Every structure is written in structure tokens, then in C-alpha cells.
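Each chain is listed here by its residues.
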Amino acid sequence: MNTRLPLWPLCLATTAAGMAMISLGPLLDAILRDLGAARALGGVLSLAFFGGMCLAIAAVNFILGAFSSRATLMLGATLQGLGMVLAGGLAGRLGALAWSLAVIGFGYGLLTIYPGMIVTSLIKPAAERPLSIINGFFAVGVLATPLAIGQALAFGISWRGVFLGEGIISFGLLPLLLKAPLPDMPGRQNIRFRQIAEIWRHNPRLLILILLALWLYVGAENIFNVWLAKFQIDTFASSASRAGLTVSLFWLGLTIGRFGMVRLLARVPPHRIVFAAACFMAGGVAVVALAPWRLVSEAACLATGLAASVIFPLVAGYAGRFPRWYAGVVFSLGYLAASGGSMLFPYLVGPAADWCGFRLAMLLAAAPSIAVALLAVPLRRSADA
């Protein structure tokens, strides 16, 4: 077990990734208005972004196995910055913007996946604490970004200017990564069928449950990431800056919970925390979606984030039960499943909002939250098998 793994370079990477992931939500209303696109098409942009992330997961496992940790993270920062510059400077139509977001998603995927792969491969058997820390910094990036975007829009900066500014920040990560201590995963290589078979044979039931739980949870979370600001604008006539604040409230809860959970782990079994958190998350989603008053909905955003905060690092931490660098592969596969949820669930919200109303469309996020709660005990039993 590597207890001296330097986390700060990984935290920088995940903070920049958090900035990229959350930007579409606060900018979505301005983008759709500027490009003259219908609300139902908003999900196409999130589909492209998370599609790029899926390609990154495939690349990191099947193509980039010989790359060092430094080279992998620097490639991610470069592509994330390039995609943002393309989005801000060249994307004049919805289709071109979608392609730009796919490039951003590819770079984001490397920056957000690889730190967890390192942690689960080098820190065993339980990687929950360091995963909570690096995911906490991811939450810091997500928390700060909607506030900054809201202020930028209030000062008259366009969504294009926001993307260009974020591209500069992403490129600024390169010299820091160049000098940072970044250990490689011993023995890591491109995956072949033999390794896939070994991972499957080790604990197939645990693997399936990890993938299913992350598919459900992250899909529900990204309904909020993509649509929460637009929901507040359309339902409560909130300004763009105030709508961005509600996204920050959601991620403030996530940030507090992820840093605060570190002490709780020593006292309560992880599966019990996951069960309670997922139930409270479902309740919070219901209040956000159905509250008759804006202040109640906004307060519920904070509570929902606080409840949701512990789910991802605890479920993803089960990847550490797999041997050697295979743990990192399982972690990345978990992100692949999460990307599938991120592509599907937010994509459904746009058409659902036109069909049955925005409130019921947002309420969709409660169903996968309840499903995650039902998976908590089977996860624990499979991990102990």
C-alpha cells in the first residue's frame, strides 16, 4: 500500500475537470437562446460531452497504457483547453458546438478518470479516503464555476467568452503537471482479452453492481448538473446569475459532504451510508422539483447535494477490492458506466419537460437514487465474498 501518494497534483486535475463538467448547465439557457435552438435539443450537448468522455475511457484502457501518468494528464489538459477554445471561438451552430464539447469531454475524461485509477491501484485495500479527497476537490471546481459564470454573464460576458476563459485555465494546468510528482501504476499496460477475463473471474457480481450503481447515481446527478439552472429559470423566472447559484448550492452540499465524510468512514459501514444517502437524495430531488416556492427549491438543492455527496466515492471505492492495477481498470469502467448514465438521463429530460412538464421531468432523478439505495447491501455482500 502506498500511503505516501502525493494527492495535490491529482486534486489540481480533478478541480479543472470539475470546472469543465459543470459549465454547460449554467450556460445552457444562453447557448440555446443565442443559437435559436429548442429546449428539447439541450440534451444533445450533454450527450456529446459525455460521449467524448466515453472515448477517453476507451483510450486510457486500450491505447494509452504505455503513457506515463504525467503524459496522460497533460494530454487531458491540452484537449480540454483545445475543446473550450473551439467552443468559444469557432462553434457557430449547434452541431459544431456539440463536436467541440466532445473534445472537451475527451480531455475532461482523462483528467477526472486517471487520478482515481492511480489511487485505487496504489492505495489498497480501501481507497475511500483518498478518493473522497480528490473528489472533494472535483466538487470545489464544480462549486466555484457556476458562481463565476453567473457573475460573468451578469457583467455582459457571453457564453463564448466564458469558454475561452476556461480554455486558458485548462492550458495553465500544463506547467504545473510538468513539474508535479506523479507516480506511474506499476505494470500498467493496454488491456487485452486476458486481463478482462481475469478481472471478470475475480468477482463478477461485484463488478456488475459497481457499474450499475455508478450508472444510476451519476446519471441522476447529471440531471441536476445539466438542467438545474435552466429549470430554475423556466420555473421560477430566476436570473442567470441566481440560477447558477442554485447549481453552486447543490455542489456546496457535495463539497461539504465529501470532505466531512472522511471521519464518518471510521465509524459507520460504507453500505449503510450509501443506503441512507441515496434515500435522502431521492427525497431532496422531490422537493427541488415540486416545491411551490423558489426559496424552498433552492434550499433543497443544498440538502440534495449534501445527501448525494458520499455515494460516488464509496461505491467507486469498492474497485480497490480488485488486485493490482486491475483496480484502476475497474474504476475506469465505473466511469464508463457513469458516462452512459450521464448521456442517457439528462438527454431524456428535455423531451420529458415538453411532454409532461419541467417539474416531473426533474423528478426523474429520484428513481435512480432509490435504485442505488436498493443496491447498497448487495454491494457489501459481494465485496465481502
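Residues numbered from 1 in each chain as written. Predicted model: local features only at pLDDT ≥ 70, side-chain atom pairs only at ≥ 80, totals over all residues. Heavy atoms only, no water.

Participant: I'd love a proper account of the overall build of the protein chain, names of residues and values included.
Facilitator: Per the secondary structure count, the protein chain includes 15 helices and zero strands. For the protein chain, whose C-alpha radius of gyration is 19 Å, the value lies close to the compact-globule estimate of 21 Å for 385 residues. The dimensions of the protein chain, computed from C-alpha atoms along their principal axes, are 50 × 40 × 35 Å. Counting only contacts in the protein chain whose residues sit at least 6 apart along the sequence, the fraction spanning at least 24 positions is 88%. Put simply, the protein chain shows about 14,400 Å² of open surface, and 70% of that area lies on carbon and sulfur atoms. (Helix = DSSP H or I, 4+ residues; strand = E, 2+ residues; numbered from the N terminus. Rg over C-alpha atoms; globule rule 2.2 N^0.38 Å. Contact = heavy atoms within 4.5 Å. Areas by Shrake-Rupley, 256 points an atom, 1.4 Å probe, with all protein chains shown as cover.)

Participant: Help me get a handle on the nonpolar core, residues and values and all.
Facilitator: With 138 residues, the main nonpolar core has Phe163 and Trp251 as its most contacted residues. Tallying contributions element by element places helix α8 (residues 204-236) first for this core, with 19 residues. In this structure Trp251 touches Met21, Ile22, Phe138, Ala139, Val142, Leu143, Glu221, Asn225 and Arg258, once residues within four positions along its chain are discounted. (Core = buried A, V, L, I, M, F, W, Y, C linked by side-chain atoms within 4.5 Å. Buried < 20%, exposed > 50% of the residue type's maximum accessible area, 1.4 Å probe, protein only.)

Participant: An account of the packing of aromatic side chains is requested, with residue identities and associated values reported.
Facilitator: A complete count under the given rule lists 14 aromatic pairs for this structure. Between Trp159 and Phe163 the ring centres are 6.1 Å apart and the planes differ by 90°, which places this aromatic pair in the edge-to-face class. Linking Trp159 with Phe163, this pair stays in helix α6 (residues 159-179), spanning four residues, or about one helical turn. Their ring planes at 55° and their centres at 5.2 Å tell us that Phe312 and Tyr335 sit as a pair that is tilted. Of this pair, Phe312 sits in helix α12 (residues 311-317) while Tyr335 is found in helix α13 (residues 326-356), placing the two residues 23 residues apart along the sequence. As far as the burial class goes, Phe312 and Tyr335 line up, both buried. Directly above the aromatic system of Phe358 lies the positively charged group of Arg39, at a separation of 4.9 Å from the ring centroid. (Phe/Tyr/Trp six-rings, centres within 6.5 Å; stacked < 30°, edge-to-face > 60°. Lys NZ or Arg CZ within 6 Å of the ring centre and 35° of its normal.)

Participant: Quick rundown of the state of the cysteines? Include the residues and the values.
Facilitator: Taken as a whole and assessed by the stated rule, the structure comprises zero disulfides. Cysteine Cys279 remains unbridged, with the sulfur of Cys301 as its closest cysteine sulfur at 20 Å. Take Cys279: its relative accessible area is 36%, and that puts it in the partly exposed class. Between Cys356, a cysteine without a disulfide, and Cys301, which holds the nearest cysteine sulfur, the sulfur-to-sulfur distance is 19 Å. (Disulfide = S-S within 2.5 Å.)

Participant: Got a sec to walk through the pattern of salt bridges? Specific residues and values, please.
Facilitator: This model, assessed by the stated rule, comprises seven salt bridges. Asp234 is the partner of Arg39 in a salt bridge, and the nearest nitrogen-oxygen pair spans 3.0 Å. Pair noted here: Arg39 is in the loop between α1 (8-35) and α2 (42-62) and Asp234 is in helix α8, with a separation of 195 residues, a long-range link. Assessed through its relative accessible area of 23%, Arg39 is described here as partly exposed. Classification of Asp234 by relative accessible area gives partly exposed; the value is 34%. Of the charged contacts, one joins Asp384 and Arg321 as a salt bridge, the two residues approaching to 4.0 Å between their closest N and O atoms. (Salt bridge = Lys/Arg side-chain N within 4 Å of Asp/Glu carboxyl O.)

Participant: Before we move on, can you summarise the environment of Ile113 with the specific residues and values?
Facilitator: Note that Ile113 resides in helix α4 (residues 94-122). Distance in space between the C-alpha atoms of Ile113 and Ser332 is 6.1 Å, their sequence separation being 219 residues. In contact with Ile113, other than residues within four places in its own chain, are Met53, Ile57, Phe331, Ser332 and Tyr335.

Participant: Now, about helix α3 (residues 69-89): what can you tell me, with residues and values included?
Facilitator: Over its 21 residues, α3 extends 30 Å from the first C-alpha to the last, a length consistent with the 30 Å expected when each residue adds 1.5 Å. Those residues of α3 that fall on the buried side of the exposure criterion are Ser69, Thr72, Leu73, Gly76, Ala77, Leu79, Gln80, Gly81, Gly83, Met84, Ala87 and Gly88. (Expected span 1.5 Å × (residues − 1).)

Participant: Tell me what's going on with the layout of surface pockets, and back it up with residues and numbers.
Facilitator: By rolling a water-sized probe across the atoms, one finds the places where empty space is left. Empty space within the largest pocket amounts to approximately 280 Å³. Forming the walls of the largest pocket are 16 residues, and the residues nearest its centre are Met19, Thr145, Ala148, Glu166 and Ile169. At the level of secondary structure, the elements contributing two or more residues to the lining of the largest pocket comprise α1, α5 (128-154) and α6. Residue contributions to the lining of the largest pocket peak at seven residues, all from α6. (1 Å grid on protein atoms, 1.4 Å probe; cavity = no way out; pocket = protein on both sides within 12 Å on 5 of 7 lines; lining within 4 Å. Points joined across faces, edges and corners; volume = space filled by probe spheres on them.)

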